[in-house]
Each structure stands twice: as C-alpha cells, then as structure tokens.
Amino acid sequence: MYVLGIESTCDETAASIVADGEKILSQVVSSQIDLHNIYGGVVPELACRRHMEVIIPVIDKALFEANMTMDEIDLFAVSYGPGLVGPLLVGVNTAKGLAIAKSKPLVGVNHVEAHLYAALMGLHKKPSFPVLGMVVSGGHTAIVLVKKLGSYELIGTTVDDAAGEAFDKVAKLLGLPYPGGPQVEALAVDGNPKRFPLKGGHCKNNPFNFSFSGLKTAVMHAMQNAPFKDDTFKKDLCASFQRAVLEDLLEKVKKAQSITGCSTLLMGGGVTNNRALRKHFMEEAPDILTIFPKPELSLDNASMIAGLGFHVFQEKGPSSLLDLQATTRIPF
Ligand code: KG4
Ligand code: ZN
C-alpha cells in the first residue's frame, strides 16, 4: 500500500511516500528556518502563508522522487495535530482535497505518536510491546507507556517548556540563531559541563513530570551575573545546561523503567538529534534498550506520518472527512 504523508504542524512543510508503513520511497522537507530566524522563533501567520505557497510543490517533488503519479497513491495520511492551527489547516485541507479529488481514503495521524513510530521505521527486529516511549521535541516532552501502536498511557510530561523549547530559549539568551538546539550542542562540545551547578525541575505532584523553566531562569541569572561573557563562558554555560537537561530526562526514564518493568525505550523528536543525548543514554543506561530514530527521521518529516498512517488505517479504517479537524492540542 502506497501512502502519501503530509506534515505541516509547525515550521516544516513535508511530504513523503512510504510503502506498507516501512519503505520510504521519497521524503521531501521544506524548512522555514530562513523565514523565522530573524524573529528568534516561529511566527504562526508567516508559517501558515509559507505552507500554502510550498505544499503543492513539496507534494509534487515527493511524487517525482518516488517516480510515481498521484493515481498510484492508495492512502493519504496527514498530521492533524498537535501543532499551530494555521499551519495544520493547510496540511489537513490539502489532504482532504486530494482524497476527495482522487476518491482515495484519508487518515489523520497524531504528530507526537508519529515521532515515536519513527524509531521503529526500518528496524529489522521490532521490539515486543509494551515499551516505554520518550518524545523530546520543540513542542513536547513526555514519557509514555506504549501498550501497542495506538494505545498509550501518559507517565510524565512537561509542566512548562518542552526540552527543545528550553534549548531554543537558552540559545536566544546567548544571542544564537533559531533553532537553538544544534547551536547549543555545538558550543557545549568544548565546554565544562560541571562549571554551573544547573538542574532540571522537580515536580512534587508527579515525579515523572518535567519542568525546564527554572533551569532557563538559572541560565539567565548566570548570564546577568557574569562579568565577562567570553567564548569559554558561553561554552561552559551551554555544556552545563545541556548536561542538566540530559540528566533530568534520563533520571525520569530510569524511574519509569523501574515502575513499569519495561526495558525497551523508543525515542522520538528533534532533540534526539543531539549526539550528547544519544551518548548519555547509551552510556548511563546500558540496561535499557534505547531505540533512536535515524537522524533524518528525528526532526519533523512526513515519512513518520505516512508510516504510522498505514497502521492507523489497518486498525481503524479511514477517517471521516467531515470529522477530521486540525487540532492544536491532543492529550495522549
Ligand atoms: O521534532 P521537531 O523537529 O519539532 C517539533 O515537533 O517540535 O523538534 C524541533 C526541536 C527544536 O526545539 C530544536 O532546537 C530541537 O528540536 N533540536 C535539538 C537538536 N536538533 C534539534 N535540540 C538539541 N540538540 C540538537 N542537536
Ligand atoms: Zn515534531
């Protein structure tokens, strides 16, 4: 079954063609970084307009790269949320239009669930469920119990900033360009992670929840108190901040492992691109089988949407074109 996936939740317009949930025949991602860079973050109205301009060319390119025509597509899959409403509307309505025009089924896919599915794509030996899942992206930080595809139980989530958002905001404080995650990672490589005693937040009502806003404020205070903000200072601050985030993420995953007994962990979301995170998880939790998405599937893409869309269709059939709506928040 050939699935055309469409992704437009935030600042990437993407289309992919995936066969049977696994085989990526084409993957096209049009990033809007150039557009939002000068504002230091995503401007929703601009994002929406850019999605409208590029979505059809992006889909055409995905068909071209797969050497296919629209008539050969069996199913359309679209990210219907969570995300920014304007950008979501562009993807959802484009997908609806294509499904109607081609008389083919359409499924709505949850973007956050798709980030976890990305880790399973192309794996020869699939883990048996239940497994733990951790999403660390610009919009989400969550630990879930994945009972099977489509069935999740939320264990912990962020009460304020998402992990990627914290990276982006710290980068902004340091005057680094958007998106800040890769910039902070690059500076952290040569920094001293122990120079600043930073820590992630503890949430009293749920020890599995995350809070990064205090950490961000601590970074701001370190900036304000520093007499010289030279390169070494910036590198040490990035390294200390990154260490604090990674330690907090892993500590809570380890706790989740101990209460659930699950020792397989699916990772998803843009922050999994961080090499220090991958190293930290592999070295500090050798008893957890951590499965990362391939780097090209960690950031927003439509292959994970087409891939999970195939399974959603097998399980539940097509979405109703009238009921499927762009949805800014979707709880696990
Ligand atoms: O999953 P994603 O592409 O979009 C959302 O669904 O939010 O994640 C984007 C986020 C941004 O906040 C970006 O700064 C962060 O992932 N990110 C990183 C790295 N690469 C991307 N954070 C830390 N280190 C990285 N190497
Ligand atoms: Zn995402």
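Before reading on, note that the structure itself is shown above.
Structure report, in brief.

How each quantity is defined
- Residues numbered from 1 in each chain as written.
- Chains lettered and ligands numbered in written order.
- Predicted model: local features only at pLDDT ≥ 70, side-chain atom pairs only at ≥ 80, totals over all residues.
- Heavy atoms only, no water.
- Near = heavy atom within 4 Å.
- Polar contact = N/O pair within 3.5 Å; in protein donor to acceptor, adjacent residues only side chain to side chain.
- Areas by Shrake-Rupley, 256 points an atom, 1.4 Å probe, with all protein chains shown as cover.
- Nonpolar A, V, L, I, M, F, W, Y, C, P; charged D, E, K, R; others polar.
- Buried < 20%, exposed > 50% of the residue type's maximum accessible area, 1.4 Å probe, protein only.
- Helix = DSSP H or I, 4+ residues; strand = E, 2+ residues; numbered from the N terminus.
- Pairing = 2+ DSSP bridges.
- Salt bridge = Lys/Arg side-chain N within 4 Å of Asp/Glu carboxyl O.
- Donors = N, O, S within 2.8 Å, 3.2 Å for Na, K, Ca; no water.
- Tetrahedral: all angles 85-135°; square planar, octahedral: opposite > 155°, others 65-115°.
- Contact = heavy atoms within 4.5 Å.
- Axes fitted to C-alpha atoms, helices over the stretch in contact; angles between N-to-C directions.
- Parallel < 35°, antiparallel > 145°, perpendicular 65-115°, else oblique.
- Left-handed = near helix turned anticlockwise from the far one by under 90°.

Close to ligand 1 lie 20 residues; Gly138, Asp168, Glu185, Gly270 and Asn274 are nearest. In the model, an oxygen atom of ligand 1 is placed 3.1 Å from a nitrogen or oxygen of the histidine 115 side chain. At a separation of 2.9 Å, an oxygen atom of ligand 1 approaches a polar backbone atom of glycine 270. Across the complex, the protein chains shield 91% of the 550 Å² of accessible surface that ligand 1 would expose by itself. Of the residues contributing to the shell around ligand 1, the split by class is five nonpolar, 12 polar and three charged.

A few words now on the pairing of strand S7 (residues 141-148). Burial within S7 is extensive, with six of its eight residues counted as buried. Pairing geometry for strand S6 (residues 131-136) and S7, over six bridges, is antiparallel. Each residue of the ladder has a partner; that of valine 136, found in S7, is threonine 141. Linking S6 back to S7 in an antiparallel pair, the connection comprises four residues. The pairing of S7 with strand S8 (residues 151-157) spans six bridges and is antiparallel. Note on S8: the bridge partner recorded for isoleucine 143 is glycine 156.

Bringing the pattern of salt bridges into the picture now. According to the stated counting rule, one finds 18 salt bridges in the structure shown. A salt bridge links glutamate 153 to lysine 147; its shortest N-O distance comes to 3.2 Å. A residue is classified by how much of its surface remains accessible, and glutamate 153, at 40% relative accessible area, is partly exposed. Here arginine 275 ties to glutamate 185 by a salt bridge, and the two come within 3.2 Å at their closest N and O atoms. One end of the pair, arginine 275, is in helix H9 (residues 275-284); the other, glutamate 185, is in helix H6 (residues 180-188), with 90 residues separating them in the sequence. Taking the relative accessible area as the measure of exposure, arginine 275 reaches 62% and is therefore exposed. According to the relative accessible area criterion, glutamate 185 is buried, its value standing at 9%. Residues participating in the shared-partner salt-bridge network are Asp161, Glu165, Lys169 and Lys216.

Take serine 151: it is sitting in strand S8. Sequence separation between serine 151 and proline 130 is 21 residues, and the spatial gap between their C-alpha atoms is 9.7 Å.

Moving on: the coordination of the zinc ion (ligand 2). Coordination of the zinc ion (ligand 2) by the protein comes from His111 (NE2), His115 (NE2) and Asp300 (OD), over a distance range of 2.0 to 2.1 Å. If you look at the zinc ion (ligand 2), its four donor atoms make angles of 96 to 132 degrees with each other, and the shape they trace is tetrahedral. Mapped onto the sequence, the donors of the zinc ion (ligand 2) take the spacing H-x3-H-x184-D. On the criterion of helical spacing, the pair formed by histidine 111 and histidine 115 is a turn pair, its members being four residues apart in helix H4 (residues 111-118). On the basis of relative accessible area, histidine 115 is assigned to the buried category, the value being 1%.

Moving on, we come to the side chain of lysine 96. Mapped onto the fold, lysine 96 is located in helix H3 (residues 85-102). In this view, lysine 96 contacts Leu106, Leu321, Leu322, Leu324 and Gln325; residues no more than four positions away in its chain are not counted.

What follows deals with the packing of helix H7 (residues 213-225) against helix H8 (residues 231-260). As a packed pair, H7 and H8 sit with axes 11 Å apart at the nearest point and diverge in direction by 165 degrees. Between H7 and H8, the angle is such that the two are roughly antiparallel. Crossing geometry of H7 relative to H8 is assigned as right-handed. In contact with Leu215, Val219, Ala222 and Met223 of H7, H8 contributes Phe233, Leu237, Phe241, Ala244 and Val245. The residue makeup of the contact of H7 with H8, split by class, is nine nonpolar, no polar and no charged.

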